[in-house]
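So the chains spell out like this:
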Amino acid sequence: MAVKALHAVSQGRNGVGAFILQCKKIDLHYCDWAGSSRGMNGFIKSLLPKFAAAHPQIEFTVSPRPTKHPVAIGHYINGRSKPICVRNMEPYEILKKLELLRDASGEKLKKVTKPVRSINQSVRGIWSPYHGNGMSL
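Residues numbered from 1 in each chain as written. Predicted model: local features only at pLDDT ≥ 70, side-chain atom pairs only at ≥ 80, totals over all residues. Heavy atoms only, no water.

Within an unreviewed UniProt entry, the label attached to the protein chain reads Large ribosomal subunit protein mL43, and the organism entered is Cercophora samala. UniProt, in the comment section headed Subcellular location (unreviewed entry), describes the protein chain in these words: "Mitochondrion". According to its UniProt record, the protein chain has this under Sequence similarities (unreviewed entry): "Belongs to the mitochondrion-specific ribosomal protein mL43 family." (UniProt positions renumbered as here; feature names shortened; annotations may be inferred.)

(A) Molecular detail of unusual backbone geometry. Of note, Thr 67 is a non-glycine position whose phi angle comes to about 60°, a positive value. Topologically, Thr 67 is positioned in the loop between β2 (59-64) and β3 (71-76). Taking relative accessible area as the criterion, Thr 67 reaches 64% and is therefore assigned exposed. Phi is positive for Asn 88, which is not a glycine, with a value near 60°. By the element assignment, Asn 88 lies in the loop between β4 (81-85) and α3 (91-103). (Helix = DSSP H or I, 4+ residues; strand = E, 2+ residues; numbered from the N terminus. Buried < 20%, exposed > 50% of the residue type's maximum accessible area, 1.4 Å probe, protein only.)

(B) Inspection of the nonpolar core at higher detail. Among the nonpolar cores identified, the biggest contains 23 residues, and Ile 26, Leu 28, Met 40, Phe 43 and Leu 98 are the most heavily contacted of them. For this core, the elements supplying multiple residues, two or more each, are β1 (23-30), α1 (38-46), α2 (48-54), β3 and α3. (Core = buried A, V, L, I, M, F, W, Y, C linked by side-chain atoms within 4.5 Å.)

(C) Focus on the environment of Trp 33. Summarising the element assignment, Trp 33 is placed in the loop between β1 and α1. For Trp 33, a relative accessible area of 73% puts it in the exposed group. Sequence separation between Trp 33 and Arg 65 is 32 residues, and the spatial gap between their C-alpha atoms is 9.9 Å.

(D) Highlighting α3. Taking 1.5 Å of rise per residue, 13 residues should cover 18 Å, and α3 covers 19 Å from first to last C-alpha, within 8% of that figure. Among all positions of α3, only Pro 91, Ile 94, Leu 95, Leu 98, Leu 101 and Arg 102 are buried. Projection of α3 onto a plane perpendicular to its axis shows the buried side chains occupying an angular sector of 115°, all on one side. Residues Tyr 92, Lys 96, Leu 100 and Asp 103 are exposed on α3 and point more than 90 degrees away from its buried face. (Expected span 1.5 Å × (residues − 1). Arc of directions from axis to C-beta.)

(E) Spotlight on the side chain of Asp 27. With respect to the element layout, Asp 27 can be found in strand β1. Taking relative accessible area as the criterion, Asp 27 reaches 9% and is therefore assigned buried. There is a polar contact of 2.7 Å between the side chain of Asp 27 and the side chain of His 75. Contact partners of Asp 27, with chain neighbours within four places excluded, come to Thr 61, Val 71, Ala 72, Ile 73 and His 75. (Polar contact = N/O pair within 3.5 Å; in protein donor to acceptor, adjacent residues only side chain to side chain. Contact = heavy atoms within 4.5 Å.)

(F) Representation of the sheet that holds β1 in the model. Strands sit in the order β2-β1-β3-β4 across an open sheet of four strands; the sheet is mixed. The open sheet terminates on both sides in strands that have one partner only, identified here as β2 and β4. The mean angle between the axes of side-by-side strands here comes to 15°, regardless of whether they run parallel or antiparallel. The pairing of β1 with β3 spans six bridges and is antiparallel. Its bridge partner being in β3, Lys 25 is matched across the sheet by His 75. Strands in contact with α1 are β1, β2 and β3; relative to β1, the strand with the most contacts, it is inclined by about 125°. Each of β1, β3 and β4 is contacted by α3, which is oriented at about 15° to β3, the strand it contacts most. (Pairing = 2+ DSSP bridges. Axes fitted to C-alpha atoms, helices over the stretch in contact; angles between N-to-C directions.)

This is the structure:
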């Protein structure tokens, strides 16, 4: 008696069963000397410890980058990264940008052509007025 494998009916989706955060690492680059890094320096000293403690699944690295503007770079599990320049921003504005990096999926931005996109085919099939009994007047 041969053993037959079951066909996959549906694909796994993120959020069904267990949620996996897409952002795995955030790099923060700053300059001690430049005025454009004033907000980043304030963020690192005051808000970063709380934000990092609230998100232990994300690895944070802080490194100086002399004579350059401050940058926050998000690295994602799909291999992509998103850099965001945070020059001349206040610490709370930088916090909003880091939340944006945390919540992003790492995918490229795509133009939405159809309002609904589904992985599974429709159970009912495609509707057509020519199927069935037709329309009665």
